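# What the coordinates show
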Amino acid sequence: MKLLILSFFITLPSWACINLVGDINLNGESLHIDQKVDHDRDYSFMKGAYIVTVKLPSGQDPNVHMIDARVDQRNANNLRKASSGKIILKDGMTGEISKTDDETKETFSYKFSVKNI
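Residues numbered from 1 in each chain as written. Predicted model: local features only at pLDDT ≥ 70, side-chain atom pairs only at ≥ 80, totals over all residues. Heavy atoms only, no water.

## Details of the sheet that holds strand S6 (residues 78-90)
Pairing within the open sheet is antiparallel, and its four strands lie in the order S3-S4-S5-S6. Edge strands, defined here as strands with exactly one partner in the open sheet, are strand S3 (43-47) and S6. With strand direction ignored, the average angle separating the axes of adjacent strands in the sheet is 20 degrees. With twelve bridges joining them, strand S5 (residues 64-75) and S6 adopt antiparallel strand pairing. Bridging across to S6, Arg-70 finds its partner in Ser-84. (Pairing = 2+ DSSP bridges. Helix = DSSP H or I, 4+ residues; strand = E, 2+ residues; numbered from the N terminus. Axes fitted to C-alpha atoms, helices over the stretch in contact; angles between N-to-C directions.)

Below, the structure written as structure tokens:
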């Protein structure tokens, strides 16, 4: 019985929600995100002609998070990948990256922080 209770408390952080806070600059347009997220689930946000998709894949360490961010651009009936990036952060830390679209030369910057809640 004690082993069962101990295993419950050891796995408890993997069930916890994560608060994702981010600022994304989409070629001059800003998007602010403040969202509770779960691992292995896509979260999409729209801003103008852009769709930002964010995902936190599961990892081994509950205090280290990888953030996959992708920006797609809508043109008429087409959807094209404009940018993507990955950031690895420890719980409570902030990270930032910038990417330039090779085709259009637009610049996208991502700034994220994560915290277990």
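## Overview of the pattern of salt bridges
Counting across every chain of the model gives three salt bridges. Note that Arg-70 and Asp-72 form a salt bridge whose closest N and O atoms lie 2.9 Å from each other. Asp-101 is paired through a salt bridge with Arg-80; the nearest N and O atoms lie 2.6 Å apart. A residue pair is termed long-range when its members are at least 10 positions apart, and Asp-101 in the loop between strand S7 (94-100) and strand S8 (107-116) and Arg-80 in strand S6 qualify at 21 residues. Each member of the pair Asp-101 and Arg-80 is classed as buried. (Salt bridge = Lys/Arg side-chain N within 4 Å of Asp/Glu carboxyl O. Buried < 20%, exposed > 50% of the residue type's maximum accessible area, 1.4 Å probe, protein only.)

## Notes on the nonpolar core
Val-54 and Phe-112 are the most contacted members of the largest nonpolar core, which has 23 residues in total. Looking at this core, the elements with two or more residues in it are strand S1 (18-26), strand S2 (29-37), S3, strand S4 (50-55), S5, S6 and S8. Once you skip the residues sitting within four places of it in the chain, Val-54 turns out to touch Leu-20, Ile-33, Arg-41, Asp-42, Tyr-43, Phe-45, Ile-67, Asp-68 and Phe-112. (Core = buried A, V, L, I, M, F, W, Y, C linked by side-chain atoms within 4.5 Å. Contact = heavy atoms within 4.5 Å.)

## A look at the sheet that holds S2
Spatially, four strands are ordered S2-S1-S8-S7 in an open sheet, and the strand pairing comes out antiparallel. Each end of this open sheet is capped by a strand with a single partner; those strands are S2 and S7. The sheet shows a mean angle of 15 degrees between the axes of neighbouring strands, taken without regard to direction. Taken together, the nine bridges between S1 and S8 define a ladder with antiparallel strand orientation. Within S8, the residue paired with Asn-25 across the bridge is Ser-109.

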